[in-house]
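Residues per chain are reported as follows:
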Amino acid sequence: MQNQTGNSGKSSTASKWLMGCGIGCGVVIIIVILVGVSGYFFIKNIVKGFEETEAIMDTLTEKYGKMSDFYPDPDGVIRAGQLEVFLAVRDSTAKARERLERAMRILADMDQEDQSGEEPSPSVLTKIKTGIELVPLIAEFIKARSQSLLDNGMGMGEYYYLYVIVYYSWLGKSPADGPPFDIMDEGDEEGTIIWRERRREHMEERLDLNLRRLNRQILPMLYNQYEKLTEGGAPGTKEEWRAALEAEIEAMESDSFRLPWQDGLPEALGASLNYYRQRLEDSYSELVNPIEMSYRQR
């Protein structure tokens, strides 16, 4: 009886998402039947994948602490070694990221924009198949990234900090980047996958939400950095840097929508990034951006 109830709940979730995609009721019924027959093994594999990912994340936390424990170098410099590791993680997850991008393009008919209408849009069944595969692809990407961080010796806090500084603060990417639909329903405690067109007003709402979240997550790291600096963790550091860091912290405290260094990176930060500009630019994925930022540490 318990398994039947569990499968029914999962079928309901699948139906909810498929209907959100605009797929007809008849097709939904077919999919619900399929989920009822093979869904147990499908869901079991997904759950196993996420459990493995959580185990890796727990190991990362044990080794490097929580994200809020991370502190950037007190002198403000991002070392070449840090960027090499960051890029190594990006490179090692490239294939998983590309598979996820392709799935999102199919679901959004984005490939058709480059085909000038010469090719038909993906069929309903193709979209259904891709939609069902989306969650395992997300799990695959997150697992690959977590394992790569562990293998390359970088904590999630450091990765997150570099991602925000490099892509948002320096290269000017938007925290609202992503596919033209929401991947997660933020109002749903279960995190149901949905299909919701990202209208202009919704995009603005999403940007504000992400900016506030980023502010809350990065500000503690800057507190840590300032504390290390004032404790003498960076001998010979110029007074200008200390004053700039203090001013940036105050600016982020007074504006909950502010990104770190959004008015321009100080010389200590910018100089260390210039050599890697093209490689960092090439490693960014607009479509996978919301998955990168969806990390929640237990």
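Residues numbered from 1 in each chain as written. Predicted model: local features only at pLDDT ≥ 70, side-chain atom pairs only at ≥ 80, totals over all residues. Heavy atoms only, no water.

Glancing now at the overall build of the chain. A tally of helices and strands in the chain yields 11 helices and zero strands. If you list the helices and strands of the chain from N to C, you get α-α-α-α-α-α-α-α-α-α-α. Across the 298 residues of the chain, 42% fall into the buried class. Residue pairs at least 24 apart in sequence account for 76% of intrachain contacts in the chain once pairs closer than 6 positions are excluded. For the chain, the computed accessible surface area is about 15700 Å², with 52% contributed by carbon and sulfur atoms. (Helix = DSSP H or I, 4+ residues; strand = E, 2+ residues; numbered from the N terminus. Buried < 20%, exposed > 50% of the residue type's maximum accessible area, 1.4 Å probe, protein only. Contact = heavy atoms within 4.5 Å. Areas by Shrake-Rupley, 256 points an atom, 1.4 Å probe, with all protein chains shown as cover.)

Next up on the list: the pattern of salt bridges. Across all of its chains, the model carries 12 salt bridges by this definition. Here R99 makes a salt bridge to E140, at a shortest N to O gap of 2.4 Å. With R99 in helix α4 (residues 94-108) and E140 in helix α5 (residues 124-152), this pair connects stretches of sequence that are 41 residues apart. When the shortest N-O distance is used, the salt bridge between R258 and D263 registers 2.9 Å. (Salt bridge = Lys/Arg side-chain N within 4 Å of Asp/Glu carboxyl O.)

Compared with the 18 Å implied by 1.5 Å per residue over 13 residues, the 18 Å span of helix α3 (residues 80-92) between its first and last C-alpha is a close match. Listing the buried residues of α3 in full gives Q82, L83, F86, L87, V89 and R90. Take α3 and look down its axis: the buried residues cluster within an arc of 155°, on one side only. Those residues of α3 that are buried are in contact with α4, α5, α6 (156-170), α9 (267-273), α10 (277-282) and α11 (289-292). (Expected span 1.5 Å × (residues − 1). Arc of directions from axis to C-beta.)

Most often, soluble globular proteins keep nonpolar side chains buried together rather than apart. The biggest cluster of nonpolar side chains holds 43 residues, and the ones touching the most others in it are Y161, Y168 and L280. Elements that contribute at least two residues to this core include exactly α3, α6, α7 (200-230), α8 (239-254) and α9. Discounting chain neighbours no more than four positions away, the residues touching Y168 are Y163, K173, S174, P175, L214, L259, Y284, N289 and M293. Core analysis: the second largest hydrophobic core is formed by 16 residues, M104, L107, F141 and I142 among them. (Core = buried A, V, L, I, M, F, W, Y, C linked by side-chain atoms within 4.5 Å.)

Structurally, the position occupied by Q278 is in helix α10. Q278 sits in the exposed class, given a relative accessible area of 51%. Only 2.8 Å separates the side chain of Q278 from the side chain of D282, close enough to count as a polar contact. (Polar contact = N/O pair within 3.5 Å; in protein donor to acceptor, adjacent residues only side chain to side chain.)

This paragraph deals with the packing of aromatic side chains. For the structure shown, the criterion picks out 10 aromatic pairs. When the centroid spacing of 5.7 Å and the interplanar angle of 80° are considered together, the rings of Y163 and Y168 count as edge-to-face. Centroid distance Y167 to Y284: 4.9 Å. Interplanar angle 45°. Geometry classified as tilted. One end of the pair, Y167, is in helix α6; the other, Y284, is in the loop between α10 and α11, and 117 residues separate them in sequence. Judged by relative accessible area, Y167 falls into the buried class, the value being 0%. Ring pairing ties together the aromatic residues F86, Y159, Y163, Y167, Y168 and Y284, which thus form one cluster. Its end group placed over the ring of Y71, K228 keeps NZ or CZ at 4.8 Å from the ring centre. Stacked on the ring of W170, the Lys or Arg R277 has its end atom at 4.4 Å from the ring centre. (Phe/Tyr/Trp six-rings, centres within 6.5 Å; stacked < 30°, edge-to-face > 60°. Lys NZ or Arg CZ within 6 Å of the ring centre and 35° of its normal.)

The next point concerns the confidence of the model for the chain. Mean pLDDT for the chain: 78, with 69% of residues reaching 70 or above. Long-range and interchain partners of residues 112-117, a stretch whose pLDDT sits below 50, account for five contacts in this model, where long-range means more than four residues apart. Of the regions scoring below 50 in pLDDT, residues 185-196 engages in 34 contacts with residues more than four places distant in sequence or in other chains. (pLDDT = per-residue confidence, 0-100.)

The next thing to look at is the packing of α3 against α6. Where α3 meets α6, the closest approach of the two axes is 11 Å, and the angle between their N-to-C directions is 95°. Classified by the interaxial angle, the pair formed by α3 and α6 is roughly perpendicular. Within the contact between the two elements, α3 uses Q82, L83, F86, V89 and R90 and α6 uses E158, Y159, L162, Y163, V166 and Y167. Among the residues forming the contact of α3 with α6, the class breakdown is eight nonpolar, one polar and two charged. (Axes fitted to C-alpha atoms, helices over the stretch in contact; angles between N-to-C directions. Parallel < 35°, antiparallel > 145°, perpendicular 65-115°, else oblique. Nonpolar A, V, L, I, M, F, W, Y, C, P; charged D, E, K, R; others polar.)

The next thing to look at is the packing of α4 against α5. Relative to each other, α4 and α5 sit at 150°, their axes nearing to 9 Å. By the angle class used here, α4 and α5 are roughly antiparallel. Handedness of the α4/α5 crossing: left-handed. Contact with α4, carried on its side by A96, R97, R99, L100, A103, I106 and L107, involves T126, K127, T130, G131, L134, L137, I138, E140 and F141 of α5 and no other residues of that element. Residue classes in the contact of α4 with α5 are distributed as nine nonpolar, three polar and four charged. (Left-handed = near helix turned anticlockwise from the far one by under 90°.)

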